[in-house]
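Chain by chain, the residues run as shown.
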Amino acid sequence: MKQEMEIREFPLKDKLIVAFQTQKQTLFANESETLQQTRQEAFNRFVAEGFPRTNQEIWRNTDLTHALSQDYAVELHPQDFKDQKDLLQCNVPHLEAYQMVVANGWFYPKTGKLETLTGGIIVGSLAEAMKLHPELIHTYFDSMTQKSSEGLIALNTAMATDGFFVYIPDGVICEMPLQIVNVMRSQNTEFLNIRNLVIIGKNSSLTLIQCDDSYNHTPGFANVVTEVIVGENSGFEHYKMQNLNNETTLINSIFIHEEANSRVNSMAVSLNGGSIRNNIDIKLDGEGSNANVYGLYLMDKNQHVDNYVHIDHLKPHTTSNELFKGILDDSATAVFNGHVKVWPNAQKIEAFQSNKNLLLTDKALVNTKPFLEIYADDVKCSHGATVGQLDTEAMFYLRSRGISIQSARTLLMYAFADEVIQKIVIEALKVRLEDMVKKRLQGELTICDQCVLHCDHVEKQYSFEIDMTKIGETGKSHC
Amino acid sequence: MLLRIRNLHASVNGKQILKGVNLEVNKGEVHAIMGPNGTGKSTLASVIAGRETFEVTEGEIIYKGKNLSDLSIEERASEGIFLGFQYPVEIPGVSITNFMRTAVNEQRKYRGLDPLPGGEFLRMMEEKKKLVELQTKLTNRSVNEGFSGGEKKKNEIFQMAMLEPTLSILDETDSGLDIDALRIVANGVNNLRSAENATIVITHYQRLLDYIVPDFVHVLFEGRIVKSGGKELALELENKGYEWLKQGTF
């Protein structure tokens, strides 16, 4: 399309190449040969492919040039935090969860680096799992990502040293949710590769809450990749809560492989962040498997969010449902790309895609592209996208009952967002998120509010607010 | 005098709809405004409520001694003006309970009162729901979403009961109602009548006035009230239809 726009190489790439060579001689030298080979192959793919470019269709509306031009440090070792106890606080009231912390890409143990819980559940550091459970790592690590043509994914496979690891054996229902807090708290501008692996056996279930938080206002780039294997008849609930500073870029890629009759609910709630990209790649690879993918984004200022969802219906009798909603203020921009592919002979498919947006200003922009690619004939699919403003009829109705303009707007925006929030199964999390969304809509949510750390010394000068006075004016959309 | 409308002219998108309406309403009275479609009945209701799509080009509306043009939609509501919608709006995601709690408390705030405690609010809800035989499960649902025509109108009268207005304007409340729902809605309105409030019933048919008996009947035609009388005028209209108005024989 824009071939004359010659691939521009960033100095960052050279820096990463040097870092890889160093790791290869040191940290990676102790890894198994298989793993070393996996890393080398991934590294070669990264060198060939490089970073995403806007002349690639799936990156057309998310330009990482600015983010990739920063002078990032690539740390090869975990930092020593004096106040590790801080890392483990969490303020979701009434939420009982098993918490784990990944700070700047490194797993910080509460007790041991890798714990075995009741029923044989293994949770902890991926780096540790690589040492102690090579059989699981060799089977599953990079099992989905190796087919990806994305440079950033390959880079992550090559470079990522830590993140979280979860293994649920067959027939184990993990009642208590796992909560992973991925916090960026460096004083330096860092480029992080974080890798997570979740293996769920047959007839099992897991609920995972993944929070991405900033601790301060230092810019950063987090390239996070998660692979999830969901076995036959198993369930996986996944909530991603994103509340990052305006200087941070987060590329959150998740690959989910679903076996027969498995169920996945995945939700990404983006409350703040300079630039957020959520890649979700789901393979419905067993009859009767189902995936519900939800997203909510509330962006303002120059924030950018991009949700890219790719679902492959590989087998008959599989279902998928996508619902993404967003409110954009100021010059915020959003992208939704939903790609559903129904493979030949995958009959009796149901697939629905929906993306709805409220734009509060003329400068706010959304690019939405729900897309169905169907090679079977007995399928039920639909897709839709809307871009609009608050309903003036509804505003008049509410005000005619004595409700102020401000409250009426908040009620309507909240109601708009609530459709997604209602999909949350964990009651405590739903209540917490309802509260956070209200605060966000009223301009009262700062990154500290949601950050688990609740530290005293964090800068407070930032406020994130959606300007209520602008609601009702026209916005524009580009489809 | 609760409401005095003088020489009211109003237009929408430059088109003149009301062309000099005069109307006076006292506390304790029920007024019916009748007339053929498209003569400005709903416009009059919307203009009193303060709908911004209409522009008042001449004349004034004085309510409780205040010129309504100085008050916003929500201020008018808090001053006790209630509009029962002909087509109640569906608001997905906002439950009736939350909607009413917000409305009641914002009106209380306007009047300098503290918010109603939760328990008291819920008791009030229970009491008012009975008045219009509104099912409990409906109040947990989103406002008017998926409601039948009858449920929507019951919900309007329920809101009226909750907000205890001084002046209620019911715009075509009878449209889309079967006879049972009509009776329930009318009973609700009658139960809320008092010497301290007034009601303006806008209707196309005489049918509703069998249940809500007006003290005065006005005929609105081509943007003006062309005839006023007692409740017998409604019957006369029912017999003669509106054609005779158009022939100018009144």
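Throughout, residues of each chain are indexed from 1 in the direction in which the sequence is written. Note on labels: chains are lettered from A, ligands numbered from 1, in written order. Per-residue local features of the predicted model are confined to residues with pLDDT of at least 70, and side-chain atom pairs are confined, for both listing and counting, to 80 or more; whole-chain, interface and lining totals are unaffected and use all residues. Think of the side-chain values as coming from all heavy atoms in the structure, minus any hydrogens and water.

Caption draft 1: Main features of the environment of Thr97(B). Residue and element names in this part refer to chain B. Summarising the element assignment, Thr 97 is placed in helix α3 (residues 96-110). Sequence separation between Thr 97 and Asn 7 is 90 residues; the distance between their C-alpha atoms is 40 Å. Here, residues are in contact when the closest pair of their heavy atoms is within 4.5 Å. Apart from residues lying up to four places away in sequence, Thr 97 is in contact with Phe 121, Met 125, Thr 139 and Asn 140. Under this definition, polar contacts are N or O atom pairs within 3.5 Å; protein pairs additionally need one hydrogen-donor-capable and one acceptor-capable atom, and for neighbouring residues in sequence, both atoms have to be side-chain atoms. A polar contact is formed between the side chain of Thr 97 and the backbone oxygen of Thr 139, at a distance of 3.0 Å. Think of it this way: any DSSP run of H or I at least four residues long counts as a helix, any run of E at least two long counts as a strand, and we number them from the N terminus.

Caption draft 2: Examining the packing of helix α1 (residues 11-25) of chain A against helix α6 (residues 151-159) of chain A more closely. Residues and elements named next belong to chain A. Closest axis-to-axis distance for the α1/α6 pair is 10 Å, and the angle between their directions is 25°. Here α6 runs roughly parallel to α1, going by the angle between their axes. Between α1 and α6 lies a crossing whose hand is left-handed. Contacts between α1 and α6 involve Leu 16, Ala 19 and Phe 20 from the former and Leu 155, Ala 158 and Met 159 from the latter. Here the residues of the contact of α1 with α6 sort into six nonpolar, no polar and no charged. For every element, the axis is a line fit to its C-alpha atoms; helices are fit only across the contacting stretch, and the angle between N-to-C directions ranges from 0 to 180 degrees. Angular relationships are summarised with four words: roughly parallel below 35 degrees, roughly antiparallel beyond 145, roughly perpendicular across 65 to 115, and oblique for the angles in between. Crossing chirality is assigned from the near helix's rotation relative to the far helix, an anticlockwise turn below a right angle marking it left-handed and a clockwise turn marking it right-handed. Residues are grouped as follows: Ala, Val, Leu, Ile, Met, Phe, Trp, Tyr, Cys and Pro are nonpolar; Asp, Glu, Lys and Arg are charged; all remaining types, including Gly, are polar.

Caption draft 3: Spotlight on helix α8 (residues 232-240) of chain B. All names here are of chain B. Burial classification: accessible surface area is computed with a 1.4 Å probe over protein chains only, and a residue below 20% of its type maximum counts as buried, one above 50% as exposed, and the rest as partly exposed. All buried positions along α8 are accounted for by Leu 233, Ala 234 and Leu 237. Along the axis of α8, the buried positions cluster into a sector of 105°, meaning they face one direction only. Residues of α8 that are exposed and angled more than 90 degrees away from the buried face: Glu 232 and Asn 239. Contacts from the buried residues of α8 go to β3 (30-34), β11 (216-221), β12 (224-229) and α9 (243-246). The first or second residue beyond α8 is Gly 241, which carries a positive phi of 75°. To obtain the arc, one takes the directions from the helix axis to the C-beta atoms.

Caption draft 4: Region of the structure containing the side chain of Asp174(B). Residue and element names in this part refer to chain B. Topologically, Asp 174 is positioned in the loop between β9 (167-171) and α7 (179-192). This count recognises Lys and Arg as positive and Asp and Glu as negative, with His and chain-terminal groups excluded. By definition, a salt bridge exists where a carboxyl oxygen of Asp or Glu is found within 4 Å of a side-chain nitrogen of Lys or Arg. Here Asp 174 sits buried without a salt bridge, and the closest side chain of opposite charge, Arg 207, lies 5.0 Å off (N-O distance). Sequence-distant contacts of Asp 174, defined by excluding residues within four places in its chain, comprise Leu 182, Ile 202, Thr 203, Tyr 205, Arg 207 and Leu 208.

Caption draft 5: Quick look at the packing of aromatic side chains. Any two of the Phe, Tyr and Trp rings considered here, Trp counted by its six-membered ring, make a pair once their centres fall within 6.5 Å; the pair's planes then place it as stacked at under 30 degrees, edge-to-face at over 60, or tilted in between. A full pass over the atoms with the stated rule returns eleven aromatic pairs over all chains. Look at Tyr72(A) and Phe191(A): their rings are 5.9 Å apart centre to centre, the planes differ by 65°, and that puts the pair in the edge-to-face class. Pair noted here: Tyr72(A) is in the loop between α3 (65-68) and β1 (98-103) and Phe191(A) is in strand β7 (residues 190-200), with a separation of 119 residues, a long-range link. What makes Tyr72(A) buried here is its relative accessible area of 2%. In this structure Phe191(A) comes out as buried when scored by relative accessible area, which is 2%. Cluster of aromatic residues (ring-pair linked, three or more members): Phe396(A), Tyr397(A), Phe85(B) and Phe99(B). A ring is considered to have a charge above it if a Lys NZ or an Arg CZ atom is located within 6 Å of its centre and within 35 degrees of its normal. Arg39(A) extends its terminal NZ or CZ atom over the ring of Phe28(A), reaching a point 4.1 Å from the ring centre.

Caption draft 6: Focus on the interface of chain A and chain B. Residue-level contacts link 18 residues of chain A with 29 residues of chain B. In total, about 2,000 Å² of surface goes out of reach between chain A and chain B, with carbon and sulfur atoms giving 63% of it. Together, Phe396(A), Tyr397(A) and Arg401(A) form the three largest contributors to the area buried by chain A at its contact with chain B, with a combined 42%. The interface formed by chain A and chain B includes four salt bridges. Among the ionic pairs, Arg401(A) bridges to Glu156(B), the shortest N-O distance being 2.7 Å. Inspection of the region where chain A meets chain B yields twelve residue pairs in polar contact (both at pLDDT 80 or more). Class assignment for the residues of the side of chain A that touches chain B results in nine nonpolar, four polar and five charged. Summed over both partners, the accessible surface that disappears when two parts come together, traced with a 1.4 Å probe, is what is meant by buried area.

Caption draft 7: Geometry of the sheet that holds β9(B). All names here are of chain B. We call two strands paired when DSSP finds no fewer than two bridges between them. The strand order β6-β9-β10-β3-β11-β12 describes an open sheet built from six strands, whose pairing is mixed. On the outer flanks of this sheet lie β6 (81-84) and β12, each paired with one strand and no other. Strand-to-strand twist in this sheet, taken as the mean axis angle between neighbours without regard to direction, amounts to 20°. Across four bridges, the pairing between β6 and β9 is parallel. Within β9, the residue paired with Ile 81 across the bridge is Leu 167. Contacts between helix α1 (residues 41-49) and the sheet are confined to β3, β6, β9, β10 (198-202) and β11, with β9 contributing the most and set at about 145° to the helix. The sheet strands contacting α8 are β3, β11 and β12, and the helix crosses β11 at an angle near 45°.

Caption draft 8: The arrangement of α3(B) in detail. Residues and elements named next belong to chain B. Here α3 contains 15 residues, and its C-alpha end-to-end distance of 21 Å stays within 8% of the 21 Å for a straight helix at 1.5 Å per residue. Residues of α3 that are buried: Ile 96, Thr 97, Phe 99, Met 100, Ala 103, Val 104, Asn 105, Glu 106 and Gln 107. Of the residues flanking the end of α3, it is Gly 112, one or two places downstream, whose phi is positive at about 80°. For a helix, the expected span equals 1.5 Å multiplied by the number of residues minus one.

Caption draft 9: Local environment of unusual backbone geometry. In the Ramachandran plot, Lys348(A) falls in the positive-phi region, its phi being about 55° despite a non-glycine side chain. Inspection of the secondary structure puts Lys348(A) in the loop between β17 (333-342) and β18 (349-359). One non-glycine residue with positive phi stands out, namely Asn13(B), at about 50°. Here Asn13(B) is to be found in the loop between β1 (3-12) and β2 (15-25). Residue class for Asn13(B) comes out exposed when judged on its relative accessible area of 79%.

Caption draft 10: The confidence of the model for chain B, seen in detail. The predictor attaches a confidence to each residue, and that confidence, scored 0 to 100, is pLDDT. Predicted confidence across chain B gives a mean pLDDT of 93, with 98% of residues reaching 70 or more. Across the interface, the model reports ipTM at 0.96; the global pTM reads 0.82.

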